[in-house]
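The residues making up each chain are set out below.
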Amino acid sequence: MISAKNVSDFFLSLCEPEAGDTISNLKMQKLLYYAQGFHLAFYGRPLFTEKILAWQYGPVVEEIYTEYSEYSNGAIPTPRRINTKVFDEERIEFLK
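All values reported here derive from a predicted model rather than from experimental measurement.

Opposite charge on two side chains allows them to pair when their charged atoms are near. Tallying each qualifying case throughout the model produces three salt bridges. A salt bridge links Glu67 to Lys5, with the nearest nitrogen and oxygen atoms 3.0 Å apart. Remark: Lys5 occurs in helix α1 (residues 4–13) and Glu67 occurs in helix α3 (residues 62–68); sequence separation between them is 62 residues. The exposure class assigned to Glu67 is partly exposed, which follows from its relative accessible area of 35%. Accessibility expressed as a relative area gives 28% for Lys5, which makes it partly exposed. Here Arg45 ties to Glu90 by a salt bridge, and the two come within 3.6 Å at their closest N and O atoms. Of this pair, Arg45 sits in the loop between α2 (25–43) and β1 (53–55) while Glu90 sits in helix α4 (residues 89–95), and the two are 45 residues apart along the sequence. Taking relative accessible area as the criterion, Arg45 reaches 35% and is therefore assigned partly exposed. Each member of the salt-bridge network shares a partner with another, and the members are Lys5, Asp9 and Glu67.

Formed by 21 residues in total, the largest nonpolar core has its most connected members in Val7, Phe11, Met28, Leu32, Leu47 and Leu95. If you list the elements that add at least two residues to this core, you get α1, α2, α3 and α4. In terms of residue count, α1 provides more of this core than any other element does, five residues in total. Other than its neighbours up to four places away in sequence, Leu47 contacts Met1, Ile2, Val7, Ala35, Gln36, His39, Arg91, Phe94 and Leu95.

Calculation notes
- Numbers given for residues are sequential positions, taken from 1 along each chain in its written order.
- In keeping with the model being predicted, local features are shown solely for residues with a pLDDT of at least 70 and side-chain atom pairs are shown and tallied solely at 80 or more, while totals for entire chains, interfaces and linings include all residues.
- Side-chain numbers here rest on the full set of heavy atoms in the structure, without hydrogens or water.
- Salt bridge, as used here: a side-chain nitrogen of Lys or Arg that lies within 4 Å of a carboxyl oxygen of Asp or Glu.
- A helix here means a DSSP run of H or I that spans at least four residues, while a strand means a run of E at least two residues long, and both kinds are numbered starting from the N terminus.
- Note on classification: 1.4 Å probe, protein chains only; a residue is buried when its accessible area is under 20% of the maximum for its type, exposed when over 50%, partly exposed between these limits.
- In this description, a nonpolar core means a group of buried Ala, Val, Leu, Ile, Met, Phe, Trp, Tyr and Cys residues linked to one another through side-chain atoms lying within 4.5 Å.
- We call two residues in contact when some of their heavy atoms are within 4.5 Å.

Dropping the structure here:
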């Protein structure tokens, strides 16, 4: 199974910051929540292993929130390289 970090890196790799397409920590949390929910609905199994917690302002994967907290409500930088070997074609298509 892949991790929430793998999924967040994948989402960040799809961004085009020069075109104004960025992801904040809040947006990342919502993307992870929806990806996990839709994956559970379509495939009957979780996409990633980390728990999603109910916080005051919405769902949070705490490990990812903590990792990106230094960016506050600003854009999270896109990763230079992601580990695509953890994704099969079905998951890549699903996440796109």
